[in-house]
Amino acid sequence: MGFDVLLKGNNMMRLLEGVGVALKISLISVVISIVLGVVIGVLLALKRPVITAVFRAYLEIVRIMPQMVLLFIVYFGTTKALGLNLSAEAASIIVFSFWGTAEMADLVRGALAGIPVIQYEGSVSLGMNTFQTYRYVIVPQIIRRMIPLSINLITRMIKTTSLVMMIGIVEVLKVGQQIIEANRKSSPDAAFGVFATVFLLYFLACWPISMLSKYLEKKWEN
Amino acid sequence: MDFAVIQEYMPLYIEAFILTVKIGWIGIALSLVIGVAAAFVMHFKVPVLSRIAKIYVELFRNTPLLVQLFFIYFALPKIGIQMSAETCGALGLGLLGGSYMAEGFRSGMEAIPASQSESALALGMVKRQMFTSVIFPEALSLSVPAIVANVIFLLKETSVFSAISLMDLMFTAKDLIGLYYNTTEALFMLVMFYIVMLLPVSLIGSYLEKKARLATFGE
């Protein structure tokens, strides 16, 4: 079945290193997305028409453009248009953060809009000042709504990093292809074992995170 | 931007566009069928099948389409299952989408209050009638936002088809950039064709979401 290839030399180790590359890119992008997303989300809650209009356009671009297309634009387009020579990793982090920030900002906006006015009024009538209202009432509720959704964003980010092989980053899929090519003669069935393993590796990276997000969502429902 | 180049590339892009749209919508149709079936099986807790459906949903929701396509296109032939690239693309998209649609339908069905099915039974409907004329239409209208989001997501995912050498929009753009180095024109057309493909769906989708609030009538 071609699983034996993985035990030869350091093939399995190389595959895991490939997973590491994918995880690194997604974690950096997630951190950038969360920070920028929270800032933009709070700005949106101010309901300034100009900010809202600009963000709507930005969100719509992210909503309808495939990440692959964005990757191509940033990786191939900037070289030609701006004379910049971005590394493939930098290009993918820019694209994934651009996408993640929009998603995150929309989540923050939704969570803020979802807090009923009565919560603010209730805090004021209890004699809290603005800082206390946010510190003890609003922010804890928002965090409970946000955490499961942000965790979900991490799994989506990890899944999307599989695209970076298309602009030449050597991550787990590319390593898999290299292993198959190198062992074409000695084990012609390597493709099955290698790709089944890659499938499983992605599943093992994402599934526990999805489960955690589902669990927290249920736990904090009210 | 050189318009002569754009004119020259146009037929290539149109051909690729038709292929992308065709496989995309076949995959989406497939994902709706798989999604409804899996959601049905999970909601009514059909023995054995519901467990299989659950494993399927978790497996395909937690892996990227690109990896699924590589598995279907490169790995399955090694155990004797060989399909054309087009079939693989549609099947991969259908399986990925099915797992997302199943979750959408299932949460739609769970959101229907028990009084609906009880009333249906009290009116003398048999189980099949209860499902086809009460539960399914209500679940469908509740799942419209999820379905719309999934359709847009799946149409965007078609962009990875080029990895299994389907001559889709991405493939054409990459090919032209590699051959003639007209990067600006090739990328511009790529973006335009994706806008043509997705903007109408996005707009019709938001319209449908507003229209399909039948199940929440009276709230």
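Residues numbered from 1 in each chain as written. Chains lettered and ligands numbered in written order. Predicted model: local features only at pLDDT ≥ 70, side-chain atom pairs only at ≥ 80, totals over all residues. Heavy atoms only, no water.

**A few points about the overall build of chain B**
Part 1 of the reasoning: When helices and strands are tallied, chain B shows eight helices and zero strands.
Part 2 of the reasoning: When its helices and strands are written in sequence order, chain B yields α-α-α-α-α-α-α-α.
Part 3 of the reasoning: Counting only C-alpha atoms, chain B reaches 70 × 45 × 25 Å along its principal axes.
Part 4 of the reasoning: A total of 219 residues make up chain B; the buried ones form 49% of that total.
Part 5 of the reasoning: The contacts of chain B with a sequence gap of at least 6 include a subset with a gap of at least 24, amounting to 78%.
Part 6 of the reasoning: Per element, the accessible surface of chain B, about 10,700 Å² overall, is 67% carbon and sulfur.
Part 7 of the reasoning: Charge separation in chain B, taken as the distance between the mean sites of 14 positive and 15 negative side-chain charges, equals 12 Å. (Helix = DSSP H or I, 4+ residues; strand = E, 2+ residues; numbered from the N terminus. Buried < 20%, exposed > 50% of the residue type's maximum accessible area, 1.4 Å probe, protein only. Contact = heavy atoms within 4.5 Å. Areas by Shrake-Rupley, 256 points an atom, 1.4 Å probe, with all protein chains shown as cover. Lys, Arg positive; Asp, Glu negative; His and termini not counted. Charge placed at Lys NZ, Arg CZ, Asp CG, Glu CD.)

**Topic: a nonpolar patch on the surface**
Residue and element names in this part refer to chain A.
Part 1 of the reasoning: On the surface, V31, V35, V39, L43, L46 and I51 cluster together into a nonpolar patch covering about 490 Å² of accessible area.
Part 2 of the reasoning: At four residues, helix α1 (residues 11–45) tops the list of elements feeding residues into the nonpolar patch.
Part 3 of the reasoning: Within the fold, V39 resides in helix α1. (Patch = residues over 30% accessible without salt bridge, like charges linked within 9 Å, V, L, I, M, F, W, Y side chains within 5 Å. Salt bridge = Lys/Arg side-chain N within 4 Å of Asp/Glu carboxyl O.)

**Thoughts on the interface of chain A and chain B**
Part 1 of the reasoning: In this complex, chain A contributes 37 residues to the contact, which on the side of chain B involves 39 residues.
Part 2 of the reasoning: Of the roughly 3,600 Å² buried between chain A and chain B on both sides combined, carbon and sulfur atoms contribute 74%.
Part 3 of the reasoning: It is I64, K80 and F199 of chain A in chain A that bury the most area against chain B; as a group they hold 19% of the surface buried on that side.
Part 4 of the reasoning: The interface formed by chain A and chain B holds one salt bridge in total.
Part 5 of the reasoning: The partner of K214 of chain A in a salt bridge is E58 of chain B, and the shortest N-O contact between them spans 3.4 Å.
Part 6 of the reasoning: Taken together, the elements giving at least two residues each to the side of chain A that touches chain B come down to α2 (49–64), α3 (67–82), α7 (172–182) and α8 (190–219) of chain A.
Part 7 of the reasoning: Top element by residues in the side of chain A that touches chain B is α8 of chain A. It accounts for 13 residues. (Buried area = accessible area lost by both parts, 1.4 Å probe.)

**Re the layout of surface pockets**
All names here are of chain A.
Part 1 of the reasoning: Considering only enclosed or pocket space, the second largest pocket measures out at about 520 Å³ in volume.
Part 2 of the reasoning: If you go around the second largest pocket, you meet 24 residues; those closest to its centre are A45, V108, R109, L112 and A113.
Part 3 of the reasoning: Every element with two or more residues in the lining of the second largest pocket is listed here: α1, α2, α4 (88–113), α5 (117–125) and α6 (130–160).
Part 4 of the reasoning: Element by element, the count of residues in the lining of the second largest pocket is highest for α6, at six residues.
Part 5 of the reasoning: Here the residues of the lining of the second largest pocket are counted per class, giving 19 nonpolar, two polar and three charged. (1 Å grid on protein atoms, 1.4 Å probe; cavity = no way out; pocket = protein on both sides within 12 Å on 5 of 7 lines; lining within 4 Å. Points joined across faces, edges and corners; volume = space filled by probe spheres on them. Nonpolar A, V, L, I, M, F, W, Y, C, P; charged D, E, K, R; others polar.)

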